[in-house]
Amino acid sequence: MKRKIILGLLSLVALTVVVFVIFGTMTCNQEKKIEKLEANIQHLKTVHTPLRFKITERTDTYFKVAVKYYDADNEVIKRIEQKFKGSELSLDFLEFKFADKYIAFPFKMYSDAIAPDSGYVMLNDYDKAGFPQIFKSKGMNPDLSKGIQILFEDVKENKLNPQAIYFGNMVHDLKGIKSYRTDVVYKILIHTK
């Protein structure tokens, strides 16, 4: 009986050690990925326009918005059009801080009549083989590219690193104060600083 208890305790200790080693390795790998991304983030353009949009139609109960996504070389990636109930458009972004710079991902579109959780997810619009095409540019640093791809995968899978510094940022119009005008093209500018 004592032998079974001792073997059980040894097994538990061995399992605990294995879990700590695996967890420690994963944490160390995450920290290395973050450090690598921070070291290469200076290669991003200081100002970038990942999307332009315009309200193509507006009534008292709905509006239509057309969005064009652009890569870092200002080439069109994709054009989409969405119809929303309501009167106020909101564009939500996820921003991540690395060292003294920021990376922003267009995340969701929704309106005053649609809850953010039920909004239109924008991530798939500029995803190509797991890479966010809004950051694609000729001659991009491979380490930066890989780091952005890993971060983008975490965003899509909602597996954000607890050590990452990130927040949401919303651009929206407010009916009666300042609304987006129909058929006017608006640019979203991302400043890495």
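Residues take numbers from 1 onward in each chain, read along the sequence in its written order. Restriction of local features to residues with pLDDT of at least 70 applies here, the model being predicted, together with a cutoff of 80 or more for giving and counting side-chain atom pairs; totals for whole chains, interfaces and linings are based on all residues. In computing side-chain values, all of the structure's heavy atoms are included and hydrogens and water are not.

**Brief notes about the overall build of the chain**
Within the chain, the regular secondary structure consists of 2 helices and 10 strands. Along the chain, helices (α) and strands (β) appear in the sequence α-β-β-β-β-β-β-β-β-α-β-β when read from the amino end. Every one of the 193 residues in the chain was classed for burial, and the buried ones make up 39%. We call two residues contacting when some pair of their heavy atoms lies within 4.5 Å. Across the chain, every contact between residues at least 6 apart in sequence was considered, and the portion connecting residues at least 24 apart equals 60%. A run of H or I in DSSP counts as a helix once it spans at least four residues, and a run of E counts as a strand once it spans at least two, with each numbered from the N terminus. Think of it in three bands: residues with accessible area under 20% of the maximum for their type are buried, residues over 50% are exposed, and the middle band is partly exposed, with areas taken using a 1.4 Å probe on protein chains only.

**Some words on the environment of Gly130**
Inspection of the secondary structure assignment puts Gly130 in the loop between strand 7 (127-128) and strand 8 (131-132). Residue Gly130 is classed as buried on the basis of its relative accessible area, which comes to 11%. Distance in space between the C-alpha atoms of Gly130 and Ile148 is 10.0 Å, their sequence separation being 18 residues. Once you skip the residues sitting within four places of it in the chain, Gly130 turns out to touch Gln149, Phe152, Glu153 and Lys156.

**A few points about the nonpolar core**
Generally speaking, a soluble globular protein has its nonpolar side chains buried in company with each other. Ranked by size, the top nonpolar core spans 36 residues in total, and within it Phe53, Leu89, Phe105 and Met109 carry the most contacts. Elements that contribute at least two residues to this core include exactly strand 1 (47-58), strand 2 (62-70), strand 3 (76-85), strand 4 (89-98), strand 5 (101-111), helix 2 (142-156) and strand 10 (186-191). Definition used in this section: a nonpolar core is a set of buried Ala, Val, Leu, Ile, Met, Phe, Trp, Tyr and Cys residues joined via side-chain atoms within 4.5 Å.

**Here we look at unusual backbone geometry**
Positive phi values are uncommon outside glycine, yet Ala129 reaches one of about 55°. When its relative accessible area of 75% is taken as the criterion, Ala129 is described as exposed.

**A word on the pattern of salt bridges**
Within this document, salt bridges are pairs made up of a side-chain nitrogen of Lys or Arg and a carboxyl oxygen of Asp or Glu, the two lying within 4 Å of each other. Counted according to the given criterion, the structure contains 6 salt bridges. A salt bridge links Arg79 to Glu81; the shortest N-O distance between them is 3.7 Å. Note that Asp127 is salt-bridged to Lys156, the shortest N-O span being 2.7 Å. Taken together, the positions of Asp127 in strand 7 and Lys156 in helix 2 put the pair 29 residues apart, joining distant regions of the chain.

**Describing the confidence of the model for the chain**
Looking at any residue, its pLDDT shows the predictor's confidence there, from 0 to 100. Chain-level pLDDT for the chain is 79 on average; 68% of the residues reach the 70-or-more range. Predicted confidence for residues 7-28 stays below pLDDT 50, and this span has 1 contact to residues more than four positions away or in other chains. Here residues 39-43 is modelled with pLDDT under 50, and outside its nearest four sequence neighbours on either side it reaches 10 contacts, counting other chains as well.

**Overview of the sheet that holds strand 3**
Ordered in space as 3-2-1-10, the 4 strands form an open sheet in which the pairing is antiparallel. The open sheet has two edge strands, strand 3 and strand 10, and neither has a second partner. When the angles between neighbouring strand axes are averaged without regard to direction, this sheet yields 20°. When DSSP finds two or more bridges between two strands, those strands count as paired. Here strand 1 runs beside strand 10; their pairing, made up of 5 bridges, is antiparallel. Bridging from a neighbouring strand, His48 pairs with Ile190 of strand 10. Here the axes come from fitting lines to C-alpha atoms, over the contacting stretch only for helices, and the angles between their N-to-C directions go from 0 to 180 degrees.

**Notes on the packing of aromatic side chains**
The pairing test for Phe, Tyr and Trp rings, Trp by its six-membered ring, is centres within 6.5 Å, and the orientation test on the planes gives stacked under 30 degrees, edge-to-face over 60, and tilted for anything in between. Within the structure shown, the criterion is met by 9 aromatic pairs. When the ring of Phe53 is compared with that of Tyr186, the centres are 5.5 Å apart and the planes differ by 25°; the resulting orientation is stacked. With Phe53 in strand 1 and Tyr186 in strand 10, this pair connects stretches of sequence that are 133 residues apart. What makes Phe53 buried here is its relative accessible area of 2%. Members of the aromatic cluster, each reached through a chain of ring pairs, are Tyr69, Phe96, Phe105, Tyr126, Phe135 and Phe152.

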